[in-house]
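# Overview (structure and organization)
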Amino acid sequence: MAAKTFTLTDNSNNRSMELPVRQGTQGPPTIEIASLYKEMGVFTYDPGFLGTGSCNSAITYIDGEEGILQYRGYPIEQLAEKSSFLEVAYLLLYGELPAATELATFENMIIHHTMINENLKNLYNGFHYDAHPMAIMTGVVGSLSAFYHDSLDIHNPRHREISAHRLIAKMPTIAAASYKHSKCEPFIYPRNDMGFCANFLHMMFASPCEEYVPDPVAVKAIEVLFILHADHEQNASTSTVRLAGSSQANPFACIAAGIASLWGPAHGGANEAVLNMLEEIGDVSQVEKYVLKAKDKDDPFRLMGFGHRVYKNYDPRARIIRKVCHEVLASTGHADSPLMELAVKLEEIALKDDYFIERKLYPNVDFYSGIIYRALGIPNNMFTVMFAIARSVGWTAHWMEMIADPSQRIGRPRQVYDGAPKRDYVPVDKR
Ligand code: SDX
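A brief structural summary. (Residues numbered from 1 in each chain as written. Predicted model: local features only at pLDDT ≥ 70, side-chain atom pairs only at ≥ 80, totals over all residues. Heavy atoms only, no water.)

### Digging into the nonpolar core
The following threshold applies: In plain words, nonpolar cores are sets of buried Ala, Val, Leu, Ile, Met, Phe, Trp, Tyr and Cys residues tied together by side-chain atoms within 4.5 Å. Per-residue accessibility, obtained with a 1.4 Å probe over protein chains only, is compared with the maximum for each type, and a residue is labelled buried under 20%, exposed over 50%, and partly exposed between these values. Each helix is a run of H or I in the DSSP string that is no shorter than four residues. Each strand is a run of E no shorter than two, and both are numbered from the N terminus. Note on definitions: a residue-residue contact is assigned when non-hydrogen atoms from the two residues lie within 4.5 Å.
Among the nonpolar cores identified, the biggest contains 122 residues, and Phe226 and Met277 are the most heavily contacted of them. If one sorts the elements of this core by residue count, helix H18 (residues 383–404) sits on top with 14 residues. Discounting chain neighbours no more than four positions away, the residues touching Phe226 are Phe85, Phe196, Cys197, Phe200, Met386, Ile389 and Ala390.

In structure tokens:
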């Protein structure tokens, strides 16, 4: 079958060219424009890249209009219900669900990489006790290449795999340590006799003075939340990791760049911003007032946890998290949580309001997750850290996919220059 092409016609210069069309296994066809500048002397313009494909990827598929999210073809609803975070990590990294023996080997590998170099503790002492944990995460993860430089040859597949395992395994340990640092409490070592999510909660809330057994409801909730946050196609932080990785920087530096990007309130920082917003609203009686503020162009207030660059439908993850939220609140004795009541009322009013309906603004992954974290005793400033732990799997999978791609080149977007035209220097006494 003849390859599909797209005809581009330049009426002002009476010329045209055929552009090749690339069709993936799912999703819209994509016009290849790489030859456009060479053939026609023009660039394309798409600030924010919402209409631009930056790469080929086989990891995650999203349909924003239909509210569909698939990891390696598996619907997120099925993975959230039936899988585990480390099984999903294996799927995202290697492309297939593991056989029982493969999963056991992978879990064992990850668990035995959860310890961090003892000298890393000195780095924590350099942060003030009230440093934001995301600042600590960015710094500590970026420093890992100073501690684990024995496997940093990015052209060596085994080195790439070792760095990937180290990163995924150490994120919870680094995260829990940043929380303990903020409490001025001793760090808790990871335990090899615990599962990934139970281990994280143990490192967060155990103390040397008494035993701590993670609540199975909390462990399950964290498992589901980590699965839902593991990957999301070419979002801002993943694109940051890919662009940083395209210069062949080491994987720890690239993931640290992703953590920094995720921190923004327009992205992963939204879950912390949602709780701060709910606390600012304070009471159901104030909801109408704040919805008006969100609609007011002259008011910078936004309904945090609402809207999405891609989803113009209900974020499928938000639907699942909402259900988990009710289960956790009921199990932890917060069934009548005023924050949850406020969130449900806010969602109810917004979803009936023309402003939100016309702009297809629905709750996203961040709207309910913070309420769960709060019920589990995790403080607001750790919410985006939770997001980063999970997304380290997606970032790593995309980094590995990009570095292994033989066609991979350094990323280098162009621009529309609208600054001053060429002009001569003027001596200071003539200005
Ligand atoms: C994540 O990309 C990903 O995949 C990200 C993510 C992932 O898993 O990696 O899904 C995680 O980042 C989720 C999004 C978390 N962010 C928030 O919840 C912050 C609040 N949301 C907004 O800042 C906003 O909705 C964005 C940033 C998420 C999306 O912005 P867009 O698509 O660029 O939308 P826009 O700014 O062009 O807004 C379109 C219209 C505008 O109004 P008009 O100019 O057309 O009149 O909708 C309005 C906006 O003012 N609008 C909102 C709004 N979001 C958009 N109005 C009030 N409250 C909001 N939350």
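### Focus: the site of the ligand
Note the following rule: Whether a residue is near a molecule or strand is decided by its heavy atoms; if any one of them lies within 4 Å of it, the residue is near. Pairs of N or O atoms within 3.5 Å make up the polar contacts considered here, provided that, within protein, one atom can donate a hydrogen while the other can accept it, and that residues adjacent in sequence are counted only when both atoms are side-chain atoms. All accessibility values rest on the Shrake-Rupley procedure with a 1.4 Å probe; residue burial counts only the protein chains present in the view. Gly falls in the polar group here, along with every residue not listed as nonpolar (Ala, Val, Leu, Ile, Met, Phe, Trp, Tyr, Cys, Pro) or charged (Asp, Glu, Lys, Arg).
Around the ligand, a shell composed of 25 residues is seen, among which His232, Leu303, His308, Arg317 and Arg391 lie nearest. At 2.8 Å, a backbone N or O of Gly305 approaches an oxygen atom of the ligand. Interatomic distance of 3.2 Å between a side-chain N/O atom of Arg359 and an oxygen atom of the ligand. Protein burial of the ligand: of its 1,100 Å² of free accessible surface, 78% is covered by the chains. Along the lines of polarity and charge, the residues of the shell around the ligand split into ten nonpolar, seven polar and eight charged.

### Description of the state of the cysteines
The condition is simple: For the purposes of this analysis, a disulfide is any pair of cysteine sulfur atoms at a distance within 2.5 Å.
A full pass over the atoms with the stated rule returns zero disulfides. This cysteine, Cys55, is not joined by any disulfide, and Cys254 carries the nearest cysteine sulfur, 14 Å off. A residue is classified by how much of its surface remains accessible, and Cys55, at 29% relative accessible area, is partly exposed. We note that Cys209 lacks a disulfide partner, and the nearest cysteine sulfur, in Cys184, lies 15 Å from it. With a relative accessible area of 72%, Cys209 lands in the exposed category.

### So, the packing of helix H7 (residues 157–183) against helix H8 (residues 196–205)
To describe two helices that pack against each other, one gives the angle between their axes and the distance between the axes. Counted only if it meets this: Here, axes are lines fitted to C-alpha atoms. For helices the fit covers the stretch in contact, and angles between N-to-C directions go from 0 to 180 degrees. Orientation categories follow fixed angle ranges, with anything under 35 degrees roughly parallel, anything over 145 roughly antiparallel, 65 to 115 roughly perpendicular, and all other angles oblique. Handedness of a crossing follows from how the near helix is turned relative to the far one, being left-handed for an anticlockwise turn of less than a right angle and right-handed for a clockwise one.
Remark: H7 packs on H8, axes separated minimally by 8 Å, with the N-to-C direction vectors making an angle of 20°. For the element pair H7 / H8, the angle class is roughly parallel. Where H7 crosses over H8, the handedness of that crossing is right-handed. The residues of H8 that touch H7, namely those facing Ile168, Ala169, Pro172, Thr173, Ala175, Ala176, Tyr179 and Lys180, are Phe196, Phe200, Met203, Met204 and Phe205. The residue makeup of the contact of H7 with H8, split by class, is eleven nonpolar, one polar and one charged.

### Here we look at a nonpolar patch on the surface
Worth spelling out the cut-off: Patch membership requires over 30% relative accessible area and the absence of a salt bridge. Like charges are linked within 9 Å, and nonpolar side chains (Val, Leu, Ile, Met, Phe, Trp, Tyr) within 5 Å. The working definition used for a salt bridge is a side-chain nitrogen of Lys or Arg within 4 Å of a carboxyl oxygen of Asp or Glu.
A contiguous nonpolar patch, built from Phe6, Ile31 and Ile33 and spanning about 240 Å² of accessible area, is present on the exposed surface. Position of Phe6 relative to the elements: it lies in strand S1 (residues 5–10).

### Thoughts on the pairing of strand S2 (residues 15–22)
Regular strands show a simple pattern: their side chains alternate between the two faces of the sheet. Quick reminder of the rule: Two strands qualify as a pair provided that DSSP identifies no fewer than 2 bridges between them.
Looking at chain direction, S1 and S2 are connected through six bridges and run antiparallel. When the bridges of S2 are listed, Thr5 appears paired with Pro20. As consecutive antiparallel partners, S1 and S2 are separated by four residues, and within that stretch Asn14 has a phi angle of approximately 50°, a positive value. Bridge count for S2 against strand S3 (residues 30–31) is two bridges, and the pairing is antiparallel. Across the sheet, Val21 pairs through a bridge with Ile31, a residue of S3.

### Remarks on the pattern of salt bridges
All told, the structure shown has 18 salt bridges when counted by the stated rule. With a shortest N-O distance of 2.8 Å, Arg166 and Asp150 are connected by a salt bridge. In this pair, Arg166 sits in helix H7 while Asp150 sits in the loop between helix H6 (133–147) and H7, placing the two residues 16 residues apart along the sequence. For Arg166, a relative accessible area of 12% translates into the label buried. In this structure, Arg317 engages Asp315 in a salt bridge whose closest nitrogen and oxygen atoms are separated by 2.7 Å.

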